[in-house]
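Remarks on the overall topology
Read off the chains here:
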Amino acid sequence: MDTPTVSPLFNRDDADVIFRSSDRVVFRLHKRVLTLASPFFEDMFALPDGPVQATAPQTVDVPESAAVLEDLFQFLYPMKPPRVVPDLDHLWTLLKAAQKYLLDFLTERLKDEIRSILPLEPLRIYLLAYLARDVDLARAAARHLLGDPNFFMPTDLPPEYEEVPATALWHVGWYRKRCTEAAVGVFRVTTYVVTGTLSRKVNAPGAKSTSHWWTWLECESCPKADTDVLLSGALPGGPDMMYPARAWWQTHIDTVKARLRSQPGPCGASVPEEELVRTTISAAASCITCGPRAALELYDFAEAMAKEVDLAVSEV
């Protein structure tokens, strides 16, 4: 049998316990350090040693690889923490080891590392989290999948795809449906036009303006939309009122809602799209009233609406 390799980082002569990895690398460690880090090790070392180990360091064979154990133990010892490679396979194996050994502080840190690479592999992270019954991580991954309408038909099939039940993808589809309804619903609730983050007072039709309206509500120069906007709370204490908006703005809103139905997230990405905003500004430019103000106001509106959409989706 080959002689085990000894870890260069964990090779102390005063070690009183030896961990041997699945690939036969030896880690010479200290029970006191391990027991302070986790109740798992405290319970492990509370058991009496066998007769052969009465004088020699106790040897523990574990199923983790040397690469995983080396990162794991560096977090437990008073040394510089390792630079964890942002590789999902390694991070997930390390996370499972941290959970197995009840290293709660490390579990949360590793989950943060996995969240940081969600944009790279959201589907696989969702599948892994689903199999591990990690609701928070699965939800975070499902949120990132909102940006891909074809997420269920990946070019490269994740290895976990064949392990999960069909209900795993059903849950994502149902979550996506509810998020879409919430995102599009933001545009059906018109209170935001005159209150909250998008507050710009709207006067009653025909009244003299004493405040700054959104230009697409103030303008009477360019064609108006086929459908008026229902404004809630436009007048303090007054009833809801129908108000004419400009056609170019209504086209913009209809396009935004259509895109949100396809991509309700993540992070309101569909709302302030540069190309869409520029197209709308171009449409408004020919109007003598809207043209000078449309660009600035539309960017303000789009940015604020993105936040409204994010808030609505985050509450699903």
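Described in the following lines is the structure provided in the data block. Within each chain, residue numbers correspond to sequence positions counted from 1 in written order. It should be noted that, the model being predicted, local features are given only for residues of pLDDT at least 70 and side-chain atom pairs only at 80 or more, the latter also being counted only at that level, while totals for whole chains, interfaces and linings use all residues. Side-chain measures here rest on the full set of heavy atoms in the structure, leaving out hydrogens and waters.

This paragraph deals with the overall build of the chain. In this description a helix means any DSSP run of H or I spanning at least four residues, a strand means any run of E spanning at least two, and both kinds are numbered starting from the N terminus. Each helix and strand counted, the chain has twelve helices and six strands in total. Any residue under 20% of the maximum accessible area for its type is buried, any over 50% is exposed, and the rest in between are partly exposed; the area is computed with a 1.4 Å probe on protein chains only. Burial statistics for the chain: of 316 residues in total, 46% are counted as buried. In this analysis, two residues are considered to be in contact whenever any of their non-hydrogen atoms come within 4.5 Å of each other. Across the chain, contacts joining residues at least 24 apart in sequence account for 61% of those joining residues at least 6 apart. For the chain, the accessible area works out to roughly 16800 Å², and carbon and sulfur atoms hold 55% of it. Here the open area of atoms and residues is found with the Shrake-Rupley method and a 1.4 Å probe, where only the protein chains shown may cover a residue.

What follows is about helix α7 (residues 135-145). Structurally, the α-helix is built with 3.6 residues per turn, so residues lying three or four positions apart point the same way. Within the sequence span of α7, burial applies to L137, A138, A140, A141, A142, R143 and L145. Packed against the buried residues of α7 are α4 (88-100), α5 (104-116), α6 (122-131), α8 (166-185) and α12 (291-314).

Covered by surrounding structure in strand β4 (residues 58-61) are Q58 and V60 only, the residues T59 and D61 on the alternate face being uncovered. A pair of strands is labelled paired if DSSP reports no fewer than 2 bridges between them. Inspection of the sheet shows strand β2 (residues 17-20) paired to β4 by four bridges, in the parallel sense. Paired with F19 across the two strands is V60, which belongs to β4.

With that settled, the discussion passes to the packing of helix α10 (residues 247-262) against α12. Running from N to C, α10 and α12 point in directions that differ by 30°, and their axes come no closer than 13 Å. The angle between the axes of α10 and α12 places the two elements in the roughly parallel class. Note on packing geometry: the crossing formed by α10 with α12 is right-handed. Two secondary-structure elements touch here, α10 through W248, W249, H252, I253 and L260 and α12 through A294, L298, F301 and V309. Looking at the contact of α10 with α12 residue by residue, the classes come out as eight nonpolar, one polar and no charged. Helix axes are fitted to C-alpha atoms over the stretch in contact, other axes to C-alpha atoms as well, and angles between N-to-C directions run from 0 to 180 degrees. For this classification, under 35 degrees means roughly parallel, over 145 means roughly antiparallel, 65 to 115 means roughly perpendicular, and everything else is oblique. Each crossing gets its hand from how the near helix is turned against the far one by less than a right angle, where anticlockwise is left-handed and clockwise is right-handed. In this classification, the charged set is Asp, Glu, Lys and Arg, the nonpolar set is Ala, Val, Leu, Ile, Met, Phe, Trp, Tyr, Cys and Pro, and all remaining amino acids, among them Gly, are polar.

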